[in-house]
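# Observations on the model geometry
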There are 2 protein chains.
Amino acid sequence: MNAEIIAVGSELLLGQIVNSNARFISQQLAGIGINVFFHTVVGDNPDRLKSAIEIAEKRSNLIILTGGLGPTKDDLTKETIARHLGKNLVMDQEALESIELYFKKGNRVMTENNKKQALVLEDSTILPNHHGMAPGMMVDNGNCVYMLLPGPPKEMEPMFLHFGTAALSKQVKTDEKIVSRVLRFFGIGEAALETEIIDLIEQQTNPTIAPLAADGECTLRLTAKHQDLQTAEGMLDEVEGNIRARVGQFIYGYDNTSLVAELMRVLKDKKLTIAAAESLTGGLFQQELTSVPGVSSVLKGGVVCYTNEVKEKVLGVKKDTIERHGVVSHECAKELAENVAALVSADIGISFTGVAGPDELEGKPVGTVYIGICIRGKQTVVEKLELGGSREANRSRSVKYGCYYLIKQLKESQKAN
Amino acid sequence: MNAEIIAVGSELLLGQIVNSNARFISQQLAGIGINVFFHTVVGDNPDRLKSAIEIAEKRSNLIILTGGLGPTKDDLTKETIARHLGKNLVMDQEALESIELYFKKGNRVMTENNKKQALVLEDSTILPNHHGMAPGMMVDNGNCVYMLLPGPPKEMEPMFLHFGTAALSKQVKTDEKIVSRVLRFFGIGEAALETEIIDLIEQQTNPTIAPLAADGECTLRLTAKHQDLQTAEGMLDEVEGNIRARVGQFIYGYDNTSLVAELMRVLKDKKLTIAAAESLTGGLFQQELTSVPGVSSVLKGGVVCYTNEVKEKVLGVKKDTIERHGVVSHECAKELAENVAALVSADIGISFTGVAGPDELEGKPVGTVYIGICIRGKQTVVEKLELGGSREANRSRSVKYGCYYLIKQLKESQKAN
């Protein structure tokens with residue numbers, strides 16, 4: 001079964017909202033073994049919607065439409081499909097009652113045009129809407145299955161999860177499952193990564209291996225198809241094993257994790273607290289840590305030491321250090337890491353000092369970064385980076401490298417013990 | 001000129017990422033008066049991509065493709081377009097040099113397959129990539145204009161803003177000038193804003209008034225069309241005047257500015273320095289300030305005081321204050337703001353303490369936030385917020401409110417003098 005998702009709504013074509021529905025539905029369809037070959041977005045225009053449906057019918061046998069089921073004049077999806085399939089719209093009593101109840105609950109007066117939302121395609125399977133008014137529906141004309149869903153994600157998502165997937169599973173002619181796994185890499189570029197495993201990528205048809213780069217990281221998406229879920233997982237395990245044998249040292253996690261989330265996990269495992277002294281990153285490291293709930297058991301806090309005055313007065317960096325080596329230096333990074341840990345009595349101190357750009361500093365080029373890491377009872381380690389990207393990239397890369405180096409040290413010290 | 005945006009990438013069809021590029025480009029095209037009638041998403045498959053292009057050619061005369069320009073085997077957009085249009089791919093020396101430079105700067109070894117990224121369509125206009133490697137390109141075959149852009153938003157967005165829109169403006173076959181102006185609002189919801197000016201919105205055809213809400217702010221995009229640029233600007237001035245007469249107090253800036261950028265501007269004008277004590281925001285305020293170059297003349301630094309220990313030890317909040325009122329309190333916000341300013345001897349101290357969520361704190365509900373503002377020689381003001389959104393929303397809203405209240409105070413004190 002090959003699916004196409006058609007999102008209806010001019011607000012999408014004006015860029016006022018992003019098409020998150022297509023993403024959500026695609027994820028769910030992969031889980032029940034339905035391929036998605038196309039997404040289409042079309043405005044609230046019946047002729048263009050009709051043409052989009054006709055194109056979809058030529059290349060897909062499942063068409064899922066989102067949006068255009070509402071009460072207003074520009075909601076036309078149902079009407080267009082009805083005309084296209086030569087079907088009538090009939091009043092669905094259950095839907096009508098639930099709409100009336102919806103208004104009663106909200107103590108609001110129901111205007112007449114809301115009844116339009118209870119009109120459904122004749123001979124269709126109704127998908128109840130427990131989070132809004134317009135019901136969804138599914139109809140099969142022999143050549144193609146059409147599923148109509150409401151546009152608001154708050155209504156569409158639970159409807160699709162509870163009623164849509166069940167209705168589709170019955171339709172699926174194959175019981176093949178698609179399982180996907182993402183390996184996350186840091187410290188190696190996309191092209192270099194591909195060079196290392198190009199033969200694997202070219203050999204593979206099932207599972208497939210797809211590289212993707214974003215924000216200074218890259219990922220490999222492994223996708224396996226098999227009737228038996230466990231067998232599919234096993235196929236992924238085998239490919240992952242082959243990849244790890246070559247570039248395993250760059251893999252830091254799976255799927256939607258991040259370097260910050262991995263660092264949090266390691267710190268919690270080891271019950272270690274951390275403090276940060278941030279100069280060029282200006283609070284970005286701590287901001288990202290604190291975006292994760294429950295961080296207070298790990299992050300004690302820290303100092304944004306943007307000026308030399310703060311480095312000296314608050315973090316006790318020696319005037320002599322700054323005069324002799326500058327703030328963008330191994331020595332300054334070391335003192336910052338050690339002193340911030342002492343200041344808030346944390347197990348670990350990490351520091352970021354460098355040249356974010358656009359201008360050079362102390363004669364050091366943009367992208368020169370020193371990261372100090374001081375783990376209680378161990379000698380402070382300072383890593384030097386030469387990034388040379390944009391100001392924004394240099395700052396976010398520095399944070400990623402900080403997490404990466406700290407995770408590495410914590411795991412190595414674990415092996416050492 | 002009617003446009004269609006084709007996003008290429010199997011990761012989109014698997015629902016691993018959302019098609020934010022189509023949204024961004026659509027917003028920009030609206031600004032220069034180009035209609036978007038369709039979005040299409042297709043996987044890394046040359047045949048399906050070719051068919052998507054052929055369909056687009058029948059209904060659009062501008063086709064913008066995103067993704068598939070990278071160095072790896074599954075990046076096929078350029079190759080497919082070249083074959084389809086019967087054009088060669090030629091090595092672009094400038095692009096090649098900038099790619100080599102990119103690796104030199106990063107001290108990384110350039111693998112051979114990276115050169116693939118410097119291949120461009122013959123006779124095409126090159127769109128330089130200042131945030132990555134693969135250049136974009138635009139080619140016009142008489143019937144249709146094709147623009148190829150990289151997939152990663154961090155590369156595509158600046159490329160399209162700086163080079164794409166300019167190249168397209170030349171293509172737009174009309175002597176009518178389209179002028180757009182965005183009014184940025186804070187402190188009023190989209191629905192409330194629309195209610196205040198609904199009659200203006202409905203009357204207007206030229207200029208048009210388009211409301212949009214995002215991240216706790218809302219904007220009105222005013223777009224005027226006229227042969228004479230000055231007349232168009234005058235039309236915008238008149239509409240803006242009518243809007244300001246009703247909701248002017250909520251307007252904080254124009255176009256792509258932000259509350260943080262506006263705050264920076266005011267602080268620089270007044271030659272004032274600032275320091276921050278961040279509890280629930282965890283460094284977000286300072287991180288946003290430091291994302292703007294040249295901030296060092298304004299931001300001295302500050303403390304991320306995530307634990308009570310840091311609030312007491314580093315920022316000298318009285319134990320008694322925390323015991324009697326808690327850390328989520330007017331009193332704690334006041335001491336934090338005053339003490340952080342004193343600690344780093346800044347003119348202004350600002351503090352953020354509250355309950356980001358997901359769990360309540362000290363019996364105070366999620367979204368309870370106190371913002372302390374201490375301006376040298378003035379009595380400290382503490383503002384209380386009751387947000388109650390997601391953790392992420394509560395943190396970013398708090399920073400926006402902090403900027404908003406501080407800008408307001410600085411402007412009022414100006415009037416007072």
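Structure shown above.
The sections below set out a description of the structure shown in this document. (Residues numbered from 1 in each chain as written. Chains lettered and ligands numbered in written order. Predicted model: local features only at pLDDT ≥ 70, side-chain atom pairs only at ≥ 80, totals over all residues. Heavy atoms only, no water.)

## Section: the overall build of chain A
Here is the rule we go by: Strands are runs of DSSP state E lasting at least 2 residues, helices are runs of H or I lasting at least 4, and numbering of each runs from the N terminus. Restricting the calculation to C-alpha atoms gives the radius of gyration, and the globule rule supplies 2.2 Å times the number of residues raised to the power 0.38. Only protein chains enter the accessibility calculation, which uses a 1.4 Å probe; a residue whose area is less than 20% of its type maximum is buried, one above 50% is exposed, and one in between is partly exposed. We call two residues contacting when some pair of their heavy atoms lies within 4.5 Å. To measure how exposed things are, a 1.4 Å probe is used in the Shrake-Rupley method; for residues, cover is taken only from the protein chains shown.
When you go through chain A residue by residue, the secondary structure sums to 14 helices and 17 strands. Computed over its C-alpha atoms, the radius of gyration of chain A comes to 28 Å, more than 25% above the 22 Å expected for a compact globule of 417 residues. A principal-axis box enclosing the C-alpha atoms of chain A has dimensions of 85 × 55 × 40 Å. Every one of the 417 residues in chain A was classed for burial, and the buried ones make up 56%. In chain A, 66% of the contacts between residues at least 6 apart in sequence involve partners at least 24 apart. Carbon and sulfur atoms make up 50% of the accessible area of chain A, which amounts to about 17,200 Å² in all.

## Re the environment of A:Lys116
Residues and elements named next belong to chain A. Assignment of secondary structure puts lysine 116 in the loop between α5 (93–105) and β5 (119–121). On the basis of relative accessibility, which here comes to 21%, the residue lysine 116 falls in the partly exposed class. Sequence-wise, lysine 116 and isoleucine 17 are 99 residues apart; in three dimensions their C-alpha atoms are separated by 25 Å. When near neighbours in sequence (up to four residues on either side) are disregarded, lysine 116 contacts Gly70, Pro71, Thr72, Asp75, Lys78 and Glu79.

## Quick notes on the interface of chain A and chain B
Note the threshold: For any pair of parts, buried area is found by adding up, for both, the accessible area (1.4 Å probe) each one loses once the two are put together. We define a salt bridge as a contact between a side-chain nitrogen of Lys or Arg and a carboxyl oxygen of Asp or Glu at a distance within 4 Å. In the analysis that follows, any N or O atom pair within 3.5 Å is treated as a polar contact, provided that within protein one partner can donate a hydrogen and the other can accept it, and provided that, for residues neighboring in sequence, both atoms belong to side chains. Amino acids are sorted into nonpolar (Ala, Val, Leu, Ile, Met, Phe, Trp, Tyr, Cys and Pro), charged (Asp, Glu, Lys and Arg) and polar (every other residue, Gly among them). Here, a strand pair is defined by DSSP locating no fewer than two bridges between the strands.
Opposite the 81 residues of chain A that make contact, chain B presents 76 residues. Taken together, both faces of the contact between chain A and chain B bury some 6,100 Å²; the carbon and sulfur share is 55%. Applying the counting criterion to the chain A and chain B interface returns three salt bridges. One salt bridge in this structure joins B:Glu309 and A:Lys300, with 2.7 Å as the shortest N-O distance. Applying the counting criterion to the chain A and chain B interface returns 32 residue pairs in polar contact (both at pLDDT 80 or more). Partitioning the side of chain A that touches chain B into residue classes produces 36 nonpolar, 29 polar and 16 charged. Both strand β2 (residues 35–42) of chain A and strand β2 (residues 35–42) of chain B contribute to a ladder of five bridges, which runs antiparallel. Considered in β2(B), the bridge of A:His39 is made with B:Val41.

## As for the sheet that holds strand β14 (residues 299–304) of chain B
Applicable threshold: Angles shown run from 0 to 180 degrees and are taken between the N-to-C directions of axes, each axis being a line fitted to C-alpha atoms and, for helices, limited to the stretch in contact.
With mixed pairing, the 10 strands of this open sheet are ordered in space as β17(A)-β16(A)-β15(A)-β13(A)-β14(A)-β14(B)-β13(B)-β15(B)-β16(B)-β17(B). Where the open sheet ends on each side, the last strands, each with one partner, are β17 (381–386) of chain A together with β17 (381–386) of chain B. Across the sheet, the mean angle separating the axes of adjacent strands is 15° when strand polarity is ignored.

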